[in-house]
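Letter by letter, the chains look like this.
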Amino acid sequence: MLPSNSRFQRWSQAALSRSQFLRLAAGALLPFAALPSSAAAIKNPKLAQNSGAPGTKGAAAPGRMGAILVSQFGPVKIHSYLSPAEGLHVNTQMVEGPNAVVIFDGQLLLPHADEVASYVQTLGKPIDRIILSHAHTDHWGGLQVLTERFPDARVFGLDGIADQVRAGGPARLDGLRRTYGDKVATKVTVPTERITEGPQRIDGVTYDFKRFVDGESDLQLAALLPDQKVLMAFDLVFSPNQHAFTGANHFDHWVVVLESLKALQGYDTIIIGHDTPVGRSAIDSTITYVKRAKEIHAASADAKTYSEKLKAAFPDLQQAGFVNLSASYLYATPH
Ligand SMILES: [Zn+2]
């Protein structure tokens, strides 16, 4: 089941319901690959418009490009910043405990990371640390801003993540700069601290960190919050409303990973890398998607065929830009 709306305490920018938000998010989607850099300054007109609607004033944040959802679990609040379509609808999660905030992931683009930093400052608590879930650029590209604005916050990642970011980061930023110009970081921000698997307490909140290989990415962190019954799965699980990124070509093992997540009992709220939190059924829908994508990949000789067939197989899903991006990775010619 989906988490009940009562858990979502408030939208910081507007008193939007989850369904309202999803409609707005759908309306804001643009294809990733085709987006010109001149579109970089686009505000989200529908969100801005909605924030001025009757009954939604007061908590509005005029001009904010992203959206923020706050989910409360007893003394712990999870603030989810969701970037607009230009930033690939990627989340930064801010887990607010009694005395501090732990930030997970740092956005693709600098302006969105800047909005994260400004928002988290309003919470009035120090940043304990920043944790990177995996080495895909949409999750670390904006870390430059967060580390500049919070110089005391150390950046953590699983053993191996720093090497991946260091190795692939410069080329990824150069590529993104052709589309997004100066919205892209000027330097690669590499985690300096290792996060180890297993349970640990940070600011009184218990996290059980798990390491998964060969899923949506080569190496991925997940975090269980057993007291809150929250699974932070990041990009291992995708929204039932969106396409998934399949470019890492780990179809079979990703399904194995998803089956292991499914075996975790009692975690009814799943926090994901893109889009708003989902229920357990999203694990099944992600499995269905990955299996179908594998079949289509096996039957497609080129990127165009893969893209067209996958979009045709899931005509109702948003984020079609992920399909094009995945195809470009799956069928990349060596260079
Ligand atoms: Zn992602």
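This text follows the structure it describes.
Chains are numbered independently. Their residues run from 1 in the order of the written sequence. Where totals are concerned, whole chains, interfaces and linings use all residues; where local detail is concerned, this predicted model gives features only for residues with pLDDT of at least 70, and gives and counts side-chain atom pairs only at 80 or more. Excluding hydrogens and water, the side-chain figures rest on all heavy atoms present in the structure.

**With respect to the packing of aromatic side chains**
The condition is simple: For this analysis, a ring pair means two rings from Phe, Tyr or Trp (six-membered ring only for Trp) whose centres lie within 6.5 Å, classed as stacked if their planes differ by under 30 degrees, edge-to-face if by over 60, and tilted for the remaining angles. Only DSSP runs of H or I reaching four residues or more are called helices, and only runs of E reaching two or more are called strands; each is numbered from the N terminus. We call a residue buried when its accessible area falls under 20% of the maximum for its residue type, exposed when it is over 50%, and partly exposed in between, using a 1.4 Å probe and counting protein chains only. Lysine NZ or arginine CZ positioned within 6 Å of the ring centre and within 35 degrees of the ring normal marks a charge as sitting over the ring.
Under the defined criterion, the tally for this structure stands at 8 aromatic pairs. Their ring planes at 35° and their centres at 4.7 Å tell us that Tyr289 and Phe314 sit as a pair that is tilted. With Tyr289 in helix H8 (residues 281-299) and Phe314 in the loop between helix H9 (303-313) and helix H10 (321-330), the pair connects residues that are 25 residues apart, well separated along the chain. Of the two residues, Tyr289 and Phe314, neither departs from the other in class, the shared state being buried. Centroid distance Tyr306 to Tyr331: 5.9 Å. Interplanar angle 50°. Geometry classified as tilted. Here Tyr331 lies in the segment after H10 and Tyr306 lies in helix H9, a separation of 25 residues in the sequence. Of the two residues examined, Tyr306 and Tyr331, each falls in the buried class. Ring-pair connections join several aromatic residues into one group, and the members of that group are Phe104, Tyr207, Phe209 and Phe234. The side chain of Arg129 reaches across the aromatic face of Phe156, ending 4.6 Å from its centre.

**With respect to the coordination of the zinc ion**
Cut-off, in case you're wondering: Counted as donors are N, O and S atoms no farther than 2.8 Å from the metal, or 3.2 Å for Na, K and Ca; water is not among the atoms, and sites may therefore look incomplete. All geometry calls rest on donor angles, where a four-donor set with angles between 85 and 135 degrees is tetrahedral, four- and six-donor sets with opposite donors more than 155 degrees apart and all others between 65 and 115 are square planar and octahedral, and all else is irregular.
In this structure, Asp138 (OD), His139 (NE2), Asp235 (OD) and His274 (NE2) serve as the protein donors to the zinc ion, at separations of 2.0 to 2.3 Å. In this structure, the zinc ion is surrounded by 4 donor atoms whose angles at the metal cover 85 to 165°, and the resulting shape is irregular. Counting gaps between the donor residues of the zinc ion yields the pattern D-H-x95-D-x38-H. On the criterion of sequence distance, the pair formed by His139 in helix H4 (residues 137-140) and Asp235 in the loop between strand S12 (230-234) and helix H7 (251-262) is long-range, its members being 96 residues apart. Since its relative accessible area comes to 1%, Asp235 is described here as buried.

All quantities given are derived from atomic positions and should not be read as evidence of function.
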